Structure formats: structure tokens, C-alpha cells
Amino acid sequence: MPPRNFEFSSPAGYPLAGRLELPDAPVRGWALMAHCFTCGKDNLAAVRIGRALARAGIGMLRFDFAGLGASGGDFADSTFAANVRDLVAAHHAMSDAGMPPSLLVGHSLGGAAALAAAADMPNVRAVTTIAAPFDLSHVLALFDPASLATIEQQGEAEVRLAGRPFRVSKAFIDGLREHDQASRIATLGRPLLILHAPRDEIVDIDNASRIFMAAGYPKSLVSLDDADHLLSRQSDVDYAAAMIISWSSRYLQPVPETRAQGQEGDVVAEETGAGRFQLAIHAGGIRFLADEPVSAGGLGSGPTPYDLVSAGLAACTTMTLRMYAEYKGLPVGRIRTAVGHMRQKGVEVPDLFTRTIAIEGPLDDAQRERLLQIADRCPVDLTLLSGSRVETTFGEPPAAAEPVEAHAASMERLVTADDSSPV
């Protein structure tokens with residue numbers, strides 16, 4: 001689903017701008033992510049991880065800390081403690097909005113902030129850090145000695161970090177030196193996943209080892225192989241996201257086996273960006289791909305649009321026959337319906353759907369003939385034969401739709417209206 005903006009207030013009173021990745025159904029839970037130092041919510045790693053989690057049913061909020069991106073406040077006034085408080089404020093804002101985060105993710109210094117903030121987040125059940133420092137003073141290595149000396153002497157100075165200028169205060173520097181992360185990690189009391197690359201040149205792998213040794217069980221340390229600190233390669237982000245999804249599944253809501261209440265509504269087809277035609281289809285509480293064949297310029301990764309129309313007719317036919325058989329007490333075993341589509345030239349109605357029905361069970365000829373008549377009256381069949389109206393507007397989902405029970409109700413009316421027939 002398309003992300004949406006999510007704004008909330010910092011404890012200091014300035015607005016914080018967030019971006020909420022809405023989860024695909026079935027919804028398994030919500031996550032909150034703290035980005036790396038100076039990165040912002042639109043950092044590629046944060047965006048890609050958020051979207052991957054959302055596709056797996058885990059919604060995620062990423063937001064700009066003070067003075068970054070679209071958030072208020074002044075970066076020069078920020079401190080690590082203030083970032084921690086803003087992270088806790090994000091947790092409360094999500095909870096108040098009915099999206100309590102059960103998973104906390106932090107990248108680099110955001111990982112350290114996540115470890116510091118978790119104790120004040122009652123809804124969080126698991127924590128993940130990516131390339132996080134153990135000793136916060138490690139961040140001071142990002143500053144050249146001359147800039148640090150200027151900050152110490154003048155109270156603040158402009159420094160260049162990641163190629164951009166920032167004003168950094170002495171309060172920020174002093175705050176990094178004062179925090180005792182070891183005791184926080186030791187008393188975390190939450191399952192912890194540590195992701196770190198052995199060749200990380202910004203925060204070396206020793207930090208991950210020290211976090212792991214300080215933490216209690218359950219805890220896991222996973223290598224990100226040759227990834228860089230910012231996870232700039234798509235493959236590295238995909239791997240990290242997959243590990244987070246798999247590991248956190250023990251601590252999130254299990255995937256429901258059936259469509260949950262509130263998952264009714266429209267069907268959404270959204271481009272994935274892979275190939276010319278590949279789409280992510282959201283329907284009935286599940287997600288799958290649609291595509292065109294390779295011969296038509298697609299990837300062949302899913303059913304075509306006409307396959308989906310045929311599937312609707314096949315599904316409706318089979319469901320209607322099952323309901324009718326149960327209502328009449330007919331000895332029917334498994335029912336299978338195959339539907340094909342072709343377009344014939346030179347005829348008034350060029351689109352032809354061919355339907356073949358296989359029904360197991362000791363049925364006589366009269367019963368089979370009656371079931372064939374019922375198949376010709378299933379709701380989707382009648383829709384295709386009678387035609388439909390399509391009203392189109394611009395906007396974001398959802399589109400107006402009847403509740404999902406409407407199809408079952410149509411089948412039931414068809415079946416119960418057939419009392420005059422003995423079979």
C-alpha cells in the first residue's frame with residue numbers, strides 16, 4: 001500500500017515528520033525505526049527496509065530527528081538524549097493512533113538510540129540493531145580533531161558529515177561521552193537481533209561483539225558479510241530485511257490462516273517496478289503477483305488479467321455448486337472447475353469463456369444436469385453475461401466496494417430459491 005505522512009510532536013514541542021509504511025494484509029504488527037546519524041527518514045536503507053517489512057505485513061514508521069528533513073527543531077540543539085526522547089514519543093504517538101509498535105529497529109547511532117529507548121516502550125517485544133556502536137563516544141571518530149577542538153572551545157561549530165554541513169554543539173559531544181550503554185543493554189529484557197558487517201569501516205565489528213556479550217538471552221548476531229555501513233547495495237538491504245522479518249516472526253502476531261475482519265474491500269494492483277507489467281495484487285487479505293507472459297514482454301511471474309477474470313468465474317462456479325450440493329444433500333465429493341478464455345473474430349460477442357466442471361460422487365444424470373444449470377446461474381457468470389458498469393476517479397485506495405459477504409449472499413439466494421427442484 002502507498003505510504004502516508006505521520007506527524008507528531010517532540011517532548012520539546014517541535015513537530016516531527018514521519019513516513020508510515022502501511023502493511024499488506026494480513027497485518028502482523030508494527031515497527032518503529034531510528035535512522036543512522038544525520039541520515040533522515042528517506043535514507044535508502046530505511047525506505048527499503050520499511051517497504052520490505054510492509055510487504056510482509058509489518059507496518060513501519062520512520063521519522064526525521066530534530067533539525068533533519070521535514071522535522072522541526074535545530075540540529076545544533078540536538079543531543080543523543082533528546083533523540084531517545086523523540087523515539088519514545090514516536091512510540092507513544094503510534095500507540096495512540098492504534099498502531100502500537102512491537103518491533104524496534106535502529107541503524108547505526110539510531111541502533112544505540114533504540115537500545116536506550118526500549119526500556120520506556122512497553123509495547124516493544126523485540127529489538128534489532130544494524131551496524132550500531134556499543135560505545136557512543138565511537139561516533140566522535142567521525143569528526144576531525146580540528147572540528148572537535150573548535151566545538152570544545154567555542155561551544156559549537158560547523159562540521160561536514162557525509163559530505164553535508166551540520167552545526168554540532170558541545171552538549172551533543174558531551175552527551176555521547178556520558179551515556180552508559182553497557183548497563184542499558186544488560187537490562188534490555190527484550191529479544192535482540194544484532195546485524196553487522198565484519199568489514200564495516202565506520203563502526204567496526206568489535207562493537208557488535210561487545211553488544212552481544214553485554215546482552216542477555218535471547219539474542220542473535222548475524223553477519224552482513226561485505227555490506228557497507230549504510231547498506232547502499234539493494235542486495236544487502238534485502239538480506240537485512242529478510243533476516244529481520246524471519247527473526248521477528250517469533251515475537252509478532254502469527255499470520256492468520258483466513259481473511260480477518262476488516263480485510264474486506266477493494267482489490268489493489270500496484271506496480272512493483274520489476275519488468276514492464278509485474279503488479280502486486282492485494283486481494284482478500286493476501287498478496288500475490290500478476291504479470292504478462294514473457295512472449296508479451298512480461299516476466300511471466302503471475303497470472304494475467306484475463307487469467308484472474310477466469311479464476312473468478314471458476315471460483316464462483318465451484319463455490320456455488322458446493323453450496324447447492326450441501327443444501328440439497330447431494331452425494332458430491334470434490335468439485336473442480338477449469339475456465340479458459342479466447343477471443344473469436346467475426347462474432348457479435350468476441351470474448352468466449354469455456355468452462356469444464358469435474359464433480360466426484362455417485363450422481364445420476366438428472367442430478368448432473370441440474371448442477372450444470374446451477375453453474376450457469378452462479379453470480380459471476382450472471383455478471384459476465386449481463387455486463388457491468390465501471391466508474392473511474394482519481395485518488396488513493398480504497399475504492400467503494402460491497403462487503404465480502406455479498407458474493408456468499410448471492411449464492412445463498414440462488415440456492416434457496418431453487419426449492420421447486422427435487423435435485
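Residues numbered from 1 in each chain as written. Predicted model: local features only at pLDDT ≥ 70, side-chain atom pairs only at ≥ 80, totals over all residues. Heavy atoms only, no water.

## Quick word on the overall build of the protein
Then, number 1: On a plain count of helices and strands, the protein comes out with 12 helices and 15 strands.
Then, number 2: Here the C-alpha atoms of the protein give a radius of gyration of 28 Å, more than 25% beyond the 22 Å that 2.2 N^0.38 yields for 423 residues.
Then, number 3: Principal-axis analysis of the C-alpha atoms places the extent of the protein at approximately 95 × 45 × 40 Å.
Then, number 4: In the protein, which comprises 423 residues, the proportion classed as buried is 44%.
Then, number 5: By sequence separation, contacts in the protein at least 24 residues apart represent 63% of the contacts at least 6 residues apart.
Then, number 6: Put simply, the protein shows about 21200 Å² of open surface, and 53% of that area lies on carbon and sulfur atoms.
Then, number 7: If the 37 positive side-chain charges of the protein are averaged to one point and the 51 negative ones to another, these points end up 2 Å apart. (Helix = DSSP H or I, 4+ residues; strand = E, 2+ residues; numbered from the N terminus. Rg over C-alpha atoms; globule rule 2.2 N^0.38 Å. Buried < 20%, exposed > 50% of the residue type's maximum accessible area, 1.4 Å probe, protein only. Contact = heavy atoms within 4.5 Å. Areas by Shrake-Rupley, 256 points an atom, 1.4 Å probe, with all protein chains shown as cover. Lys, Arg positive; Asp, Glu negative; His and termini not counted. Charge placed at Lys NZ, Arg CZ, Asp CG, Glu CD.)

## Digging into the packing of helix α2 (residues 80-96) against helix α3 (residues 109-117)
Then, number 1: Orientation of α2 relative to α3, taken along the N-to-C sense of each, is 65°, at an axis distance of 9 Å. Our classification of the angle between α2 and α3 gives roughly perpendicular. The crossing of α2 and α3 is right-handed. Seen from α2, the contacting residues are Phe-80, Val-84, Leu-87 and Val-88; seen from α3, they are Leu-109, Ala-112, Ala-113, Ala-114, Ala-116 and Ala-117.
Then, number 2: Residue composition of the contact of α2 with α3, by class: 10 nonpolar, no polar and no charged. (Axes fitted to C-alpha atoms, helices over the stretch in contact; angles between N-to-C directions. Parallel < 35°, antiparallel > 145°, perpendicular 65-115°, else oblique. Left-handed = near helix turned anticlockwise from the far one by under 90°. Nonpolar A, V, L, I, M, F, W, Y, C, P; charged D, E, K, R; others polar.)

## Describing the nonpolar core
Soluble globular proteins tend to bury their nonpolar side chains together.
Then, number 1: Judged by nonpolar contacts, the single largest core of 57 residues is most densely connected at Phe-8, Leu-32, Phe-80, Leu-87, Leu-104 and Val-127.
Then, number 2: Ranked by the residues each element gives to this core, the list is headed by α2, at 8 residues.
Then, number 3: Setting aside anything within four residues of it in sequence, one finds Leu-104 in contact with Leu-32, Leu-87, Ala-114, Ala-118, Met-121, Val-124, Ala-126, Val-127 and Thr-128. (Core = buried A, V, L, I, M, F, W, Y, C linked by side-chain atoms within 4.5 Å.)

## So, the state of the cysteines
Then, number 1: Overall, the coordinates contain 1 disulfide when judged by the stated rule.
Then, number 2: No disulfide involves Cys-316; its nearest neighbouring cysteine sulfur is the one of Cys-378, lying 3.3 Å away.
Then, number 3: Take Cys-316: its relative accessible area is 1%, and that puts it in the buried class.
Then, number 4: Residue class for Cys-378 comes out buried when judged on its relative accessible area of 0%. (Disulfide = S-S within 2.5 Å.)

## Quick look at the pattern of salt bridges
Then, number 1: Considering all chains together, one arrives at 11 salt bridges under this definition.
Then, number 2: For Lys-41, the salt bridge is made with Asp-42, and the minimal N-O distance between the two is 3.7 Å.
Then, number 3: A relative accessible area of 8% places Lys-41 in the buried class.
Then, number 4: Relative accessible area serves as the criterion here: at 51%, Asp-42 is assigned to the exposed category.
Then, number 5: Across the salt bridge formed by Asp-381 and Arg-355, the nearest N and O atoms sit 2.5 Å from each other. In this pair, Asp-381 is assigned in helix α11 (residues 379-386) and Arg-355 in strand β15 (residues 351-359), connecting sequence segments 26 residues apart.
Then, number 6: A relative accessible area of 23% means that Arg-355 is categorised as partly exposed.
Then, number 7: One network of salt bridges, in which partners are shared, links Glu-21, Lys-41, Asp-42, Arg-51, Arg-62 and Asp-64. (Salt bridge = Lys/Arg side-chain N within 4 Å of Asp/Glu carboxyl O.)

## A closer look at the sheet that holds strand β12 (residues 279-283)
Then, number 1: Ordered in space as β11-β12-β13, the 3 strands form an open sheet in which the pairing is antiparallel. With one partner strand each, in any of the chains shown, β11 (268-271) and β13 (286-290) form the two edges of the open sheet. The average undirected angle you get between the axes of adjacent strands in this sheet is 25°.
Then, number 2: Judged from the 4 bridges that link them, β11 and β12 form a sheet pairing that is antiparallel. Bridged to Glu-270 within β12 is Ala-280. (Pairing = 2+ DSSP bridges.)

## With respect to the side chain of Gln-181
Then, number 1: Mapped onto the fold, Gln-181 is located in helix α6 (residues 181-186).
Then, number 2: From its side chain, Gln-181 meets the backbone oxygen of Ala-112 in a polar contact 3.2 Å long.
Then, number 3: Polar contacts involving the side chain of Gln-181 include one to the side chain of Arg-184, which spans 3.0 Å.
Then, number 4: If sequence neighbours within four positions are ignored, Gln-181 has contacts with Phe-80, Ala-112, Leu-115, Ala-116, Phe-134 and Leu-136. (Polar contact = N/O pair within 3.5 Å; in protein donor to acceptor, adjacent residues only side chain to side chain.)

## Brief notes about the packing of aromatic side chains
Then, number 1: Scanning the model with the defined rule gives 4 aromatic pairs in all.
Then, number 2: Note on Phe-6 and Phe-8: the rings are 6.1 Å apart at their centroids and 45° apart in plane angle, and the pair reads as tilted. As far as the burial class goes, Phe-6 and Phe-8 line up, both buried.
Then, number 3: Following the ring pairs from residue to residue traces out a cluster consisting of Phe-6, Phe-8, Phe-63 and Phe-65.
Then, number 4: One residue, Lys-219, lies across the ring of Phe-212, its end atom 4.3 Å from the ring centre.
Then, number 5: Across from the ring centre of Tyr-217, 4.6 Å away, lies the NZ or CZ of Lys-219, which sits over that ring. (Phe/Tyr/Trp six-rings, centres within 6.5 Å; stacked < 30°, edge-to-face > 60°. Lys NZ or Arg CZ within 6 Å of the ring centre and 35° of its normal.)

## Some details on the packing of helix α9 (residues 305-328) against α11
Then, number 1: Where α9 meets α11, the axes come as close as 7 Å, and the angle between the chain directions of the two elements is 135°. By the angle class used here, α9 and α11 are oblique. Residues Val-309, Gly-312, Leu-313, Cys-316 and Thr-320 of α9 touch α11, and the partners they reach there are Pro-379, Val-380, Asp-381 and Leu-384.
Then, number 2: Looking at the contact of α9 with α11 residue by residue, the classes come out as 6 nonpolar, 2 polar and 1 charged.

## Focus on helix α1 (residues 44-55)
Then, number 1: For α1, built from 12 residues, the straight-helix expectation of 16 Å at 1.5 Å per residue is met to within 8% by its first-to-last C-alpha distance of 17 Å.
Then, number 2: Of the residues making up α1, those classed as buried are Ala-45, Ala-46, Val-47, Ile-49, Gly-50, Ala-52, Leu-53 and Ala-54.
Then, number 3: On its buried side, α1 packs onto β2 (15-21), β3 (29-34), β4 (58-63), β5 (103-107), β6 (126-130) and α8 (234-248). (Expected span 1.5 Å × (residues − 1).)

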